[in-house]
Structure formats: C-alpha cells, structure tokens
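Fold and contact review
These are the residues of each chain, in order.
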Amino acid sequence: QVQLVESGGGLVQAGSSLRLSCAASGRTVSNYRMGWFRQAPGKEREFVAAISRSGGSTYCADSVKGRFTISRDNAKNTVYLQMNSLKPEDTAGYYCAASRSIAAQRLGVMTSEYEYWGQGTQVTVSS
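These numbers come from a predicted model, not from an experiment. Residue positions are given per chain, counting from 1 as you read along its sequence in written order. Totals for whole chains, interfaces and linings use all residues, but because this is a predicted model, local features are given only for residues with pLDDT of at least 70 and pairs of side-chain atoms are given and counted only at 80 or more. To obtain the side-chain values, all non-hydrogen atoms of the structure were included, while hydrogens and water were left out.

Next up on the list: the overall build of the chain. Scanning the chain for helices and strands turns up 0 helices and 11 strands. Starting at the N terminus, helices and strands are each numbered in turn, a helix being any DSSP run of H or I of at least four residues and a strand any DSSP run of E of at least two. The helix and strand sequence of the chain, counted from the amino end, reads β-β-β-β-β-β-β-β-β-β-β. Taking 14 Å as the expected radius of gyration for a compact globule of 127 residues, we find that the chain reaches 13 Å, a close match to that expectation. With the principal axes as the frame, the chain shows a C-alpha extent of 40 × 25 × 25 Å. Every one of the 127 residues in the chain was classed for burial, and the buried ones make up 42%. Counted as positive: Lys and Arg. Counted as negative: Asp and Glu, with His and the chain ends omitted from the count. In this description, the location of a charge corresponds to atom NZ of lysine, CZ of arginine, CG of aspartate or CD of glutamate. Computed over 14 positive and 9 negative side-chain charges, the inter-centroid distance for the chain is 6 Å. Based on C-alpha atoms, the radius of gyration is set beside the globule rule, defined as 2.2 Å times the residue count to the power 0.38. Only protein chains enter the area calculation, which uses a 1.4 Å probe; residues under 20% of their type maximum are buried, those over 50% are exposed, and those in between are partly exposed.

Structural data, given as structure tokens:
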C-alpha cells in the first residue's frame, strides 16, 4: 500500500499561483500512476491531471489545460501540481490519487481507476 499526503493549498487571489505537493510513503511512488482530482462543495469529484509512472507523459482536463502542470520526482516520492493563473472557479479541495492498475494506454480520468487517495488540501481563490 501507499499513503498520500497533500500540502500547499491556501487562500490566494485570482491570477496567483500555487504549487501543491503529494508526498508518498509506504511504497515507491514510481510504481504508481498518479493523478490530481478536485471537489467543490455540492459537486462530484472531477479529474484535473494525470501523469505516467515515469513522468514522461501527462494529461490535463480542458478546464485547466495551459494553466496547470503535473510533474513527479520519483527520487523524492513526490508528485506536484503547479497551478498558475488561478481563477475563482478553481476553488475546491484537491486530492492526490495513486493506482497500480491503470493500463498504460488509458488516460486515468475516472476516480474509480485509483485505489489510493490522500486526505486533500483546500485551495480557495478569491476574486
């Protein structure tokens, strides 16, 4: 199993940047496909970004494409989400997820594809 702990959230103004971190323990993170999801009050958890096990391939949701970047440092067992040009609609709890089972040809955009989840970190963007 792997344990995931997110950090880096906070309250920022629109147009600002934040970098979220997801620290993994228990297992080497390089064995897992990693993803970021977010959930706003009253809404379903939605896909934000995913990254391959090696870090060589990434995929982002249309709503954040061009503004958010997912990356990983397997030597540090850490996954990052760099968020630039933040908008009020980005306000949500952000969750890190890991999976050993997602096939290489799948994008990993569904919550059901991930076996492990962190507790989340809150991002609030004011206008």
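Next up on the list: the pattern of salt bridges. If the charged atoms of two oppositely charged side chains come close together, the side chains can form a pair. Any Lys or Arg side-chain nitrogen located within 4 Å of an Asp or Glu carboxyl oxygen qualifies as a salt bridge. If you walk through the whole model with that rule in mind, you get 5 salt bridges. Close ionic contact of Asp 90 with Arg 38 constitutes a salt bridge, the shortest N to O distance being 2.9 Å. Within this pair, whereas Asp 90 is found in the loop between β8 (78–83) and β9 (92–99), its partner Arg 38 is found in strand β4 (residues 33–39), the two being separated by 52 residues in sequence. Neither Asp 90 nor Arg 38 differs from the other in exposure class; each is buried. In this structure, the salt-bridge partner of Asp 90 is Arg 67, at a minimum N-O distance of 2.8 Å. Taken together, the residues Asp 90 in the loop between β8 and β9 and Arg 67 in the loop between β6 (58–60) and β7 (68–73) connect sequence positions 23 residues apart. Both residues of the pair, Asp 90 and Arg 67, belong to the buried class.

What follows concerns a nonpolar patch on the surface. Residues enter patches when their relative accessible area tops 30% and they take part in no salt bridge; the joining distance is 9 Å for like charges and 5 Å for the nonpolar side chains Val, Leu, Ile, Met, Phe, Trp and Tyr. Each accessible area is a Shrake-Rupley estimate made with a 1.4 Å probe; only the visible protein chains count as cover when residues are assessed. Nonpolar side chains collect at one region of the surface, where Tyr 59, Leu 107, Val 109 and Met 110 lie side by side and expose about 320 Å² of accessible area between them. In this structure, Leu 107 sits in the loop between β9 and β10 (116–117). The exposure class assigned to Leu 107 is partly exposed, which follows from its relative accessible area of 46%.

Nothing here speaks to function; it is geometry throughout.
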